[in-house]
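Examination of the molecular architecture
Letter by letter, the chains look like this.
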Amino acid sequence: MAAIGRIRKHSGLLLVIIGLALLAFILGDFVRKGQSHSNDLAVIDGEKISWNEFENSFKEVEEKFKQQSGKENFTPEENFQIREYAWNMLLREYLLENEYSKLGIDVTEEEMNDLTTGKNPDPMIRQLFSDPETGAFNAAAVQQFMQNKDQAKPEERRLFDGVLKDIKTNRYASKYNYLIAKSYYLPKPLAKKMYEDYYSNASFRVVQANYKLIDDKTIKLTDEDYKKWYEGHKYMFEQPEEVRDFDYVIFDVVPTPADLVALQEEVTKLFAEFKESADPISFVNSLPDTKYDSTYFKKGKLPMSLDSLAFTTTVGEFLAPVVENNEYLFAKVLDVRMRPDSVKASHILIQYEGARGSKTKRTKEDAKKLADSILIQSRMATNQFAQIALKFSEYPTVKKDSGDLNWMADGDANYQLFFDSLYMLVNNDVRIVETGLGYHVMMVTGKTAPERKVQLAIAKKAIEASEKTVQDIYSLANKFASENENTTKFNESVVKQGLAKRAADNIKAMEYTIPGVKDGREIVRWAFEEKIEKNTVSQVFDVDGKYIIATLKEIKPKGFATLEQVKPMIESLVKRDKKAEQLIEKVKAATAKSSDPSMIATQFQSVVDTVATFNFGAFNLYNYGPEQDVIGAISVMKPGSVSKPLKGNMGVYVVYYDQYTPAAPTTDYKMISMQMANMFAQRVSNESFNALQKNIKIKDYRVKYY
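Attention in this report is confined to the structure presented alongside it. Predicted model only: the values in this text are computed from it and were never measured. (Residues numbered from 1 in each chain as written. Predicted model: local features only at pLDDT ≥ 70, side-chain atom pairs only at ≥ 80, totals over all residues. Heavy atoms only, no water.)

When you go through the protein residue by residue, the secondary structure sums to 24 helices and 21 strands. Over its C-alpha atoms the protein spans a radius of gyration of 36 Å, topping by over 25% the 27 Å that the globule rule assigns to 706 residues. Taking the principal axes of its C-alpha atoms as reference, the protein extends roughly 105 × 75 × 60 Å. Relative to its full complement of 706 residues, the protein shows a buried share of 39%. Of all intrachain contacts in the protein linking residues separated by at least 6 positions in sequence, the fraction that spans at least 24 positions is 69%. Of the roughly 41,100 Å² of accessible surface on the protein, a fraction of 52% belongs to carbon and sulfur atoms. Distance between charge centres in the protein, computed from 96 positive and 99 negative side chains, equals 2 Å. (Helix = DSSP H or I, 4+ residues; strand = E, 2+ residues; numbered from the N terminus. Rg over C-alpha atoms; globule rule 2.2 N^0.38 Å. Buried < 20%, exposed > 50% of the residue type's maximum accessible area, 1.4 Å probe, protein only. Contact = heavy atoms within 4.5 Å. Areas by Shrake-Rupley, 256 points an atom, 1.4 Å probe, with all protein chains shown as cover. Lys, Arg positive; Asp, Glu negative; His and termini not counted. Charge placed at Lys NZ, Arg CZ, Asp CG, Glu CD.)

Below is the structure:
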């Protein structure tokens, strides 16, 4: 947006500069790609995947998504998600095919035949060859298609081949997952222990000394405290892939007060021209923010600022400019009519050679004669319209619906031609309507009550910043980026200029959005440039109508995060452990003086909680939340004993163990074993794939390409 403004102002010089810059960028990018990874998109276990190979996979997946969604084009975000789906499919294929081979898993031709033309075909085949109206599966159609596949349209063959590939892939996966799931074994001693945990009960009393009793400000931490805690919990900070942290500022492109005044003047001028225009529809279509909508609106369906005005005026009157949803609206009333909301009708389709979907050799003239004849016959016997439709109609669903189109709504683009042709007719009246399919002999079978509706030519003008304002804001953003070449200066300028700094932490290479920015892909790609260094400040990004500048705070490679990287995150946890040390000593002293839990509770501003029934399969400790270490300590206590002070997540605990009720004796642990086996089976698909990824070296260069 800003670039367009600059080119208009200084087109000659800037076109030369921009041309040279683009050439340098293209050559530089070409050289970088050539030097580093050639045309490789990834390397999986030593096997290279080229960009072209991936693109072929992507196009197959994209075609499938188009067919499923009915869309011809996707948004940039949707395209990115489809590429990610294609990558995951490709990755699974590479990783799992090797496993199938090693384990001797195969899908035979006989199996595929059974899954396509057998008694129980795969659900995807059922979906592909089922009547969209009734849902009935047509087994004969599968056989017929396979026998005449070579004569089918190329897109139909591609769709069918894609379905067969998916069926085979799923069959391989189900065998593999089943094999792993059935390898699960729970030894009897473990099953017994789990049975006892779930079906035994304990009762005890609990006193908590909450960490809030000690003020954070009184805790002084040393480097040794951080180091000790980190070494004991390092496992928590393993990063399965490289991530980046960066901060960024946003320069919003918003209109200035001067822009708003100029916009108001422009809209006033446009409205005056609109009122003088001989063709209001063409005028509306000439505006960049508007396309004419011929819909007849009933009250409550127009923009709120126009709705009340439109229904108090007459045909030919103008509605002066109003503001709604960040745009100016003004309009002319073209028509006011009483129209029903819906019309119900039946039809008989007579096709001719050349009509869409037609298989007849009938001429257009003969089709019209036949339609005229049916029209006369239908008017003479309206109660026999369904029978006439079954005899003559060439519409595909006629045998199922006898020509009934059901209700058609005013404003439904799929039926608007029919609606406009029929809504003035009375019930049982018949008319011929021509479409691209042929001639439709149509009979009205029902209408809703007519309502007052208006048709408007609505002009719109978006409220947005002027070209000068865009350029000024870009200049501010560009100045900020050029004057702050490192993170320290970036942060100083943020404070000095009173800007709002945002953070994007632990961002992965293949993320699309960042906080507050829907399309943050280019910023993420910048953060993962091959030779980028920590503390680098970015160029200006033009994203979502905003200008964004980022600074790279941290590069976190795959593996364990360093102590310095996690230090801010663990500060509260290290303080918690220091508090625990102090509270444990205080609780020890208190319990040495008194065995009365009420006295202990009073001393630590707490209460004695009685847990009447507790089983050790539980995750939470009564109402104290997840305290697994404390639960584990209680599980080995004996009735009548008092615990030592137990360090938990929320405080230090003393437990007074009162009673233990063992589970009913049994030697049959089949139910426990089955439950655990089922839980394991549910995890197999994802976790086996994740395990394969961890055990195989994958070099992923996708961020260089998209």
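From this point, the discussion proceeds with the structure in view.
Reading across the sheet, the 4 strands line up as β18-β3-β20-β19 and stay open at both edges, with antiparallel pairing between neighbours. The open sheet has two edge strands, β18 (608-614) and β19 (646-647), and neither has a second partner. Sheet topology places strand β3 (residues 201-210) next to β18; 5 bridges connect them, and they run antiparallel. In the sheet register, A202 faces β18, and the bridge partner there is F614. Relative to strand β20 (residues 651-661), helix α21 (residues 563-593) is tilted by about 55°, and along the sheet it contacts β3, β19 and β20. (Pairing = 2+ DSSP bridges. Axes fitted to C-alpha atoms, helices over the stretch in contact; angles between N-to-C directions.)

It is worth spelling out the environment of Y198 at this point. Along the chain, Y198 falls in helix α9 (residues 188-199). Looking at Y198, the relative accessible area reads 42%, which means it is partly exposed. The spacing of Y198 and N427 is 229 residues in sequence and 70 Å in space, taken between C-alpha atoms. Look past the residues within four positions of Y198 in its chain and what remains in contact with it is N615, G617 and I672.

A separate point is the side chain of D225. Among the secondary structure elements, D225 is positioned in helix α10 (residues 223-232). A polar contact is formed between the side chain of D225 and the backbone nitrogen of T222, at a distance of 2.9 Å. For D225, the contacting residues outside a window of four places in its chain are K220, V574 and K578. (Polar contact = N/O pair within 3.5 Å; in protein donor to acceptor, adjacent residues only side chain to side chain.)

Before going further, it helps to spend a moment on the packing of helix α4 (residues 76-103) against helix α8 (residues 154-181). Where α4 meets α8, the axes come as close as 11 Å, and the angle between the chain directions of the two elements is 60°. When the axis of α4 is compared with that of α8, the two are oblique. Two packed elements cross with a definite hand, and for α4 against α8 that hand is left-handed. For the pair formed by α4 and α8, the contact residues are E93, L96, E99, Y100 and L103 on the first element and K165, Y172, A173, Y176 and L179 on the second. Here the residues of the contact of α4 with α8 are counted per class, giving 7 nonpolar, no polar and 3 charged. (Parallel < 35°, antiparallel > 145°, perpendicular 65-115°, else oblique. Left-handed = near helix turned anticlockwise from the far one by under 90°. Nonpolar A, V, L, I, M, F, W, Y, C, P; charged D, E, K, R; others polar.)

Turning next to the pattern of salt bridges. For the structure shown, the criterion picks out 48 salt bridges. Between D166 and K64 there is a salt bridge; the shortest N-O distance is 2.4 Å. You can see D166 sitting in helix α8 and its partner K64 sitting in helix α3 (residues 51-69), a full 102 residues away along the chain. Classification of K64 by relative accessible area gives partly exposed; the value is 22%. Here R171 makes a salt bridge to E111, at a shortest N to O gap of 3.0 Å. (Salt bridge = Lys/Arg side-chain N within 4 Å of Asp/Glu carboxyl O.)

The biggest cluster of nonpolar side chains holds 61 residues, and the ones touching the most others in it are F246 and Y248. By residue number, the principal contributor to this core is α4, which donates 10 residues. Leave out the neighbours within four places in its chain, and F246 touches R502, A503, A504, D505, I507, I514, I523, A527, A550, T551, L552 and K553. (Core = buried A, V, L, I, M, F, W, Y, C linked by side-chain atoms within 4.5 Å.)

Attention shifts here to the sheet that holds strand β2 (residues 47-50). Strand pairs in the sheet, formed through backbone hydrogen bonds, run parallel or antiparallel to each other. Spatially, the 3 strands line up as an open sheet ordered β2-β1-β21, and their pairing is antiparallel. The sheet is open, and its two edges are formed by β2 and β21 (698-700), each paired on a single side. This sheet shows a mean twist of 20° between the axes of neighbouring strands, independent of strand direction. Its contacts with the sheet place α4 against β1 (40-44), β2 and β21, and it is angled at close to 35° to β1.

Each full turn of the α-helix corresponds to 3.6 residues, which orients residues three or four apart in the same direction. Within helix α19 (residues 487-497), burial applies to T487, F490, S493 and V494. The arc that holds every buried residue of α19, seen down its axis, measures 125°, which confines them to one face. Opposite the buried face of α19, by more than 90 degrees, sit the exposed residues T488, E492, V495 and K496. Against β5 (243-252), α18 (467-483), β14 (501-508) and β16 (546-556) lie the buried residues of α19. Measuring from the backbone nitrogen of T488 back to the side-chain oxygen at the start of α19 gives 3.2 Å, which picks out N486 as the cap. Just past α19, the residue G498 takes up positive phi, approximately 65°. (Arc of directions from axis to C-beta.)

What follows is about the packing of helix α14 (residues 364-380) against helix α15 (residues 385-392). Axis separation between α14 and α15 bottoms out at 10 Å; the angle between their running directions is 160°. By the criterion of interaxial angle, the relationship of α14 to α15 is roughly antiparallel. Seen along the crossing, α14 lies across α15 with a hand that is right-handed. Taking contact as the criterion, the partners of L370, I374, Q377 and S378 in α14 are, on α15, F385, I388 and F392.

Scanning the model with the defined rule gives 35 aromatic pairs in all. Pairing W229 with F237 gives two aromatic rings, centres 6.4 Å apart and planes at 50°, and the pair type is tilted. F237 carries the same exposure label as W229, and that label is buried. Three or more aromatic residues joined by ring pairs form one cluster here, namely W51, F54, F80, Y512, Y705 and Y706. Its guanidinium or amino end placed over the ring of Y706, R83 lies 5.4 Å from that ring's centre, counting from NZ or CZ. (Phe/Tyr/Trp six-rings, centres within 6.5 Å; stacked < 30°, edge-to-face > 60°. Lys NZ or Arg CZ within 6 Å of the ring centre and 35° of its normal.)

What follows covers unusual backbone geometry. Phi angles above zero are rare outside glycine, and N325 is one such case at about 50°. Mapped onto the elements, N325 comes out in the loop between β7 (318-324) and β8 (327-339). If you check the backbone angles, S402 has positive phi at about 55° while not being a glycine. Within the element layout of this structure, S402 appears in the loop between α16 (398-401) and β10 (404-409).

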